[in-house]
Structures are given as structure tokens and as C-alpha cells.
Amino acid sequence: MKNNVKIWYWTPRILCIIAILFISLFALDAFSPELSFWQQIGGFLIHLIPSFILIALLILAWKKEFIGGIVFMIIGLGLSPVVFSHNYRMNHSIFMSLGIILTITIPFAIVGVLFIISHFKRKRLVNHRSIKK
């Protein structure tokens, strides 16, 4: 694989893992001294459900880049208005709500675009190699 194609191959995967780890940090708010150990573990696992879903989608995108890229773009762009309106209702700040969108949902849209680019780069490389033979 050419270096350029390797970069396009690994960049969306690494960024997606980092974004999922970031989303997973929000599950830590399930731990509270007022709750029992099992209530804390149960709450923690429930808060990790979005991360589990994103991991399943990453596995899909790893195998089917084009489909996974579209799914991540839909998630990133589709959830942006929902997350924005929810946060705007809480803090009444457009800039803070936009910052939250830029840190939570837009990275998944970017990952989706990168998966699609990677798909076409690898496809072009395979076609180019088959033409040379």
C-alpha cells in the first residue's frame, strides 16, 4: 500500500477511536458516593451505550468504508441540531452550544468523510494495479 493510501486508511480509524474515547468520558458522571457499588456500575454501563453503538459502527466502517462513512456522516450531521437545541435550552448561549457541537458531533461527520475518501483512494489504487497487470 502506498504511504498516501495508508494515511487515508488509518486516519479515520484513529480519529474515530479518539472520538469514541472522548464520548466515553461522559460515562464517568455515573459514579456518585450516594449510590451503591452496583448502582454505579449499572449507571456507568448505561452511560456507555452510545460508545458501544459507536464501536459497532466503527467495526462496520472498518470492513465497509463507504457504508460506514455514510453512517458516520448521518450521525454527525443528523445529531447536530438535536444536541445544539438541547444545549441551547440549558445554557442559552449560541457560542457554547456551537462549541459543544464542534467537540461532540462534528468529529463523527469528519470521520465519515474520511472513511469515504479512504474507500475511493483504496479503490483507485486497486484499479490502478489491475490496469498495470
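Not measured: the values here are computed from a predicted model.

(A) How the structure looks around a nonpolar patch on the surface. Together, Trp 10, Ile 14, Leu 15, Ile 17, Ile 18, Leu 21 and Trp 62 make up an exposed nonpolar region whose accessible area comes to about 650 Å². For the nonpolar patch, the leading source of residues is helix H1 (residues 3-25), giving 6 residues. Relative to the assigned elements, Leu 15 resides in helix H1.

(B) Focus on the confidence of the model for the protein. Residues of the protein with pLDDT of at least 70 account for 95%, and the chain-wide mean is 91. Taken element by element, the protein is modelled with least confidence in helix H6 (residues 106-132), mean pLDDT 87, and with most confidence in helix H3 (residues 49-63), mean pLDDT 96.

(C) Broad picture of the packing of aromatic side chains. Evaluation of the coordinates by the stated rule reveals 9 aromatic pairs. Their ring planes at 80° and their centres at 5.3 Å tell us that Phe 22 and Phe 26 sit as a pair that is edge-to-face. Residue Phe 22 is classed as partly exposed on the basis of its relative accessible area of 34%. One aromatic cluster is present, built from ring pairs that chain together Tyr 9, Trp 10 and Trp 62. The ring of Tyr 9 has Arg 13 sitting right over it, with the charged end atom 3.6 Å from the ring centre.

(D) Main features of the packing of helix H2 (residues 37-47) against H3. One can describe the packing of H2 onto H3 by two numbers: an axis separation of 4 Å at closest approach and a directional angle of 40°. Compared by their axis directions, H2 and H3 come out oblique. Seen from H2, the contacting residues are Leu 45, Ile 46 and His 47; seen from H3, they are Ile 49, Pro 50 and Phe 52.

Rules used throughout
Counting from 1, residues in each chain are numbered in the order their sequence is written. Side-chain atom pairs in this predicted model are given and counted only at pLDDT of 80 or more, local residue features only at pLDDT of at least 70, and totals for whole chains, interfaces and linings cover all residues. As a rule here, side-chain values come from all non-hydrogen atoms in the structure, and water together with hydrogens is ignored. Two joining distances apply to patches: 9 Å for like charges and 5 Å for nonpolar side chains (Val, Leu, Ile, Met, Phe, Trp, Tyr), and every residue must have over 30% relative accessible area and no salt bridge. For the area figures, the Shrake-Rupley method with a 1.4 Å probe applies, and any residue is considered shielded solely by the protein chains shown. The term salt bridge refers to a side-chain nitrogen of Lys or Arg lying within 4 Å of a carboxyl oxygen of Asp or Glu. Here a strand is any run of E in DSSP of at least two residues, a helix any run of H or I of at least four, and the numbering for each starts at the N terminus. Scored between 0 and 100, pLDDT is the confidence that the predictor attaches to each residue. In this scheme Phe, Tyr and Trp rings, the latter by its six-membered ring, pair at centre separations within 6.5 Å, and the angle between planes marks the pair as stacked below 30 degrees, edge-to-face above 60, and tilted otherwise. Per-residue accessibility, obtained with a 1.4 Å probe over protein chains only, is compared with the maximum for each type, and a residue is labelled buried under 20%, exposed over 50%, and partly exposed between these values. As a reminder, the over-ring test applies to NZ of lysine and CZ of arginine, requiring each to be within 6 Å of the ring centre and within 35 degrees of the ring normal. Each axis is a line fitted through C-alpha atoms, and for a helix only the stretch in contact is used; angles between axes span 0 to 180 degrees, taken between their N-to-C directions. Orientation labels follow simple angle bins: below 35 degrees gives roughly parallel, above 145 gives roughly antiparallel, 65 to 115 gives roughly perpendicular, and whatever is left gives oblique. Contact criterion: two residues are considered in contact whenever any of their non-hydrogen atoms come within 4.5 Å of each other.

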